[in-house]
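Architecture at a glance
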Amino acid sequence: MKNWIPLKTVSIALLGLGLLGVSRAADSSRPNIVLVMADDQGWGQVGYYDHPLLKTPNLDAMAANGLRFDRFYAGAPVCSPTRASVLTGRANARTGVYQHGNALRLQERPMPRAMQQAGYATGHFGKWHLNGLRGPGVPILGDDKYHPGRYGYDYWLSVTNFFDMNPTLSRNGSFEEFKGDSSVIIVEEALEFMKRQTKADQPFFTTIWYGSPHAPMVANETDETAFAHLKESDRNHYGELVAMDRSIGNLRKGLRKLGIEKNTLVWFCSDNGGLKVTPESVNGLRGLKGSVYEGGLRVPAIIEWPSVITKAEISNTPAGVVDIFPTVADIVGLPKNAMLQPQDGSSLKGWIEGSIPARRKKPIRFRYMDAGALVDNQYKLVTQKLGSGEYELYDLSQDPKESKDLYSARPEVAKRLTAVFEKWSKTVDASDAGKDYPEGRLTDPD
C-alpha cells in the first residue's frame with residue numbers, strides 16, 4: 001500500500017488551477033467563525049482521499065458541502081509555528097515562534113484580539129502551545145504570561161501541548177479533570193460557549209485545537225477495534241482520528257441544533273504533515289512532519305459555510321494557514337491596522353464566494369529552522385540550508401512526489417523564484433529584529 005495517490009486525486013489536486021461546481025448565495029450579516037485544527041493529521045488521512053483503512057464520514061460530509069482545498073499548507077512542518085501563523089497571518093519566523101514550544105510575542109496583533117475589538121465573543125478550546133513550554137501538555141496557569149487571554153480570548157479551556165483521554169484542562173486558569181476522548185470533550189465545551197453567545201445574540205470567534213492524533217496515542221477500546229490487525233500504536237493513532245471525526249460530527253450537529261449553522265463559517269485543517277504510520281499518512285508525498293517537502297507541509301483543509309457555500313467545490317490553487325486571518329478580516333470588515341504588517345497571507349474571500357484564480361500576488365513561503373520553501377502555483381522551491389545558495393526546484397503538476405530536481409533544467413523559473421524567496425527572507429530578518437513593531441525593536445525579554 002505504499003505511495004498510494006488515487007488517480008482521481010492526482011488529476012485535480014496538483015495542477016494549481018481549477019474549480020468544480022460553483023454556486024453562491026450572499027450573506028450580509030457577520031458570520032460566526034470557528035477555526036478547527038487537528039494535531040499531526042497527515043494530508044492523506046481522510047476518507048475523501050480514499051484512505052484504505054480510515055473512515056472520516058463527518059469530514060467527508062463537510063467536504064461534500066463546502067470548499068475543499070486539495071493544496072493547503074501549514075505555516076511550518078511542526079505545530080507551534082503553524083499556530084502562530086494562524087493567529088497573525090504572518091510567517092512564523094517573524095513572530096518569534098521558530099520551533100515548537102516557542103512563545104508568540106506579545107507585540108504581535110493576533111486575530112482573537114482583533115475579533116474581540118470588533119465585538120465578537122472569543123473562545124479557545126484545547127491545545128495552545130504558544131506559551132513557551134515544551135513537553136507533554138499540562139493545564140495553563142492563570143498567571144502564565146502567555147496564556148490565551150493575553151492574546152484576546154475572553155474565555156479559554158486550554159492545555160499547553162498535546163492531550164489525550166481523560167484530560168486535565170485549565171478553564172481561565174482553574175484546573176478541571178475530565179473523562180473521555182479529549183476531542184469530544186473540547187467540542188462539547190466549545191458548543192456550550194457558542195450556546196451562551198447565541199442566547200446573548202453576540203457573534204463568536206471560536207478556536208478548537210485538538211490534541212489528536214499527536215503522540216502518545218490513546219484511543220478508547222471501541223475506536224481501536226476496527227484496526228485490530230495493526231500494531232498497538234497504529235490502532236490508537238487511527239482510533240484517535242475516528243474520535244476526532246466523530247467530534248466534528250458533534251460540532252456540525254450542535255450548530256444545527258442551535259439554529260446557527262447557516263451563518264457559521266467552520267474552517268478545518270491540520271497543523272502540519274503526518275507521522276510515519278501504515279499506510280503512509282501523507283498519501284505518497286515526500287517527507288513527513290518536520291520536513292519542508294510536501295508531506296511535511298501539505299495538510300487537509302475544508303471550509304463549510306452553508307449560507308454562502310451552497311454547492312461543494314474543490315480548489316486546486318495553493319492556499320495556507322497564513323491566509324486565514326486576512327480572509328476573516330476581509331469577511332468581517334476589520335480595519336487594516338488590525339493586522340500587523342507585513343502580512344504573508346492573502347484573503348480568500350473571493351474564493352469562498354466562487355472565484356478561485358491562480359495565486360498571483362503572494363506565493364506561499366516558509367522559513368523553518370535552517371530550511372525554507374516557496375510554493376508558486378505549480379512550482380516549488382526548496383532549500384535545506386538558508387543562506388547557502390543551494391536550492392531545489394520541483395514542478396508539482398508533473399512531479400507531486402518531488403523526485404526530480406529541475407533547478408538546473410529550468411533556469412529562468414529557478415532564478416525568478418530564488419530572487420523572490422531571498423528578497424522575502426530579508427524582510428523576515430527585519431521582522432525578527434522587531435522592525436515591524438511600533439517601538440521598532442523587541443521589548444519582550446523572553
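In this text, all values refer to a predicted model and were calculated from it rather than measured experimentally.

What counts, and at which threshold
- Residues numbered from 1 in each chain as written.
- Predicted model: local features only at pLDDT ≥ 70, side-chain atom pairs only at ≥ 80, totals over all residues.
- Heavy atoms only, no water.
- Helix = DSSP H or I, 4+ residues; strand = E, 2+ residues; numbered from the N terminus.
- Axes fitted to C-alpha atoms, helices over the stretch in contact; angles between N-to-C directions.
- Parallel < 35°, antiparallel > 145°, perpendicular 65-115°, else oblique.
- Left-handed = near helix turned anticlockwise from the far one by under 90°.
- Contact = heavy atoms within 4.5 Å.
- 1 Å grid on protein atoms, 1.4 Å probe; cavity = no way out; pocket = protein on both sides within 12 Å on 5 of 7 lines; lining within 4 Å.
- Points joined across faces, edges and corners; volume = space filled by probe spheres on them.
- Nonpolar A, V, L, I, M, F, W, Y, C, P; charged D, E, K, R; others polar.
- Salt bridge = Lys/Arg side-chain N within 4 Å of Asp/Glu carboxyl O.
- Buried < 20%, exposed > 50% of the residue type's maximum accessible area, 1.4 Å probe, protein only.

1. Considerations on unusual backbone geometry
Here the bond from serine 212 into proline 213 is cis, since omega is 0°, no more than 30 degrees from zero. Among the structural elements, proline 213 can be located in the loop between strand S7 (204–209) and helix H6 (221–225). Going from glutamine 341 to proline 342, the amide bond is cis rather than trans, its omega being 0°. Structurally, proline 342 can be placed in the loop between helix H9 (324–332) and helix H10 (349–352). A positive phi angle, close to 55°, is found at asparagine 377, a residue other than glycine. If you trace the backbone, asparagine 377 turns up in the loop between strand S13 (371–376) and strand S14 (379–383). Backbone geometry at glutamate 402 places phi at a positive 50°, although glycine is not the residue there.

2. Side note on the packing of helix H5 (residues 182–199) against helix H7 (residues 232–258)
For any two helices packed against each other, one specifies the crossing angle of their axes together with the interaxial distance. Put simply, H5 and H7 touch, their axes get as near as 9 Å, and they point 15° apart. On the basis of their axis angle, the class for H5 and H7 is roughly parallel. For H5 against H7, the interelement crossing comes out right-handed. On H7, the residues that touch Ser183, Val184, Val187, Leu191, Met194, Lys195 and Thr198 of H5 are Ala243, Met244, Arg246, Ser247, Asn250, Leu251, Gly254, Leu255 and Leu258.

3. Overview of empty space enclosed by the protein
The gaps of empty space that remain are located by a probe, the size of a water molecule, rolled over the atoms. For the structure shown, the criterion picks out 3 cavities of 30 Å³ or more. Approximately 50 Å³ is the volume found for the largest cavity. For the largest cavity, the full set of lining residues is Asp164, Met165, Asp181, Ser182, Ser183, Ser212, Val218, Ala219, Glu240 and Ala243. Counting residues per element, the ones that place at least two in the lining of the largest cavity are H5 and H7. For the lining of the largest cavity, the residue count by class is 4 nonpolar, 3 polar and 3 charged.

4. Topic: the pattern of salt bridges
Going through the model one piece at a time under the given rule, you end up with 25 salt bridges. For arginine 171, the salt bridge goes to glutamate 189, with nearest N and O atoms at 3.0 Å. With arginine 171 in strand S5 (residues 168–171) and glutamate 189 in helix H5, the pair connects residues that are 18 residues apart, well separated along the chain. Residue arginine 171 is classed as buried on the basis of its relative accessible area of 19%. Taking relative accessible area as the criterion, glutamate 189 reaches 17% and is therefore assigned buried. Because the salt bridges share partners, they merge into one network encompassing Asp39, Arg83, Lys127 and Asp271.

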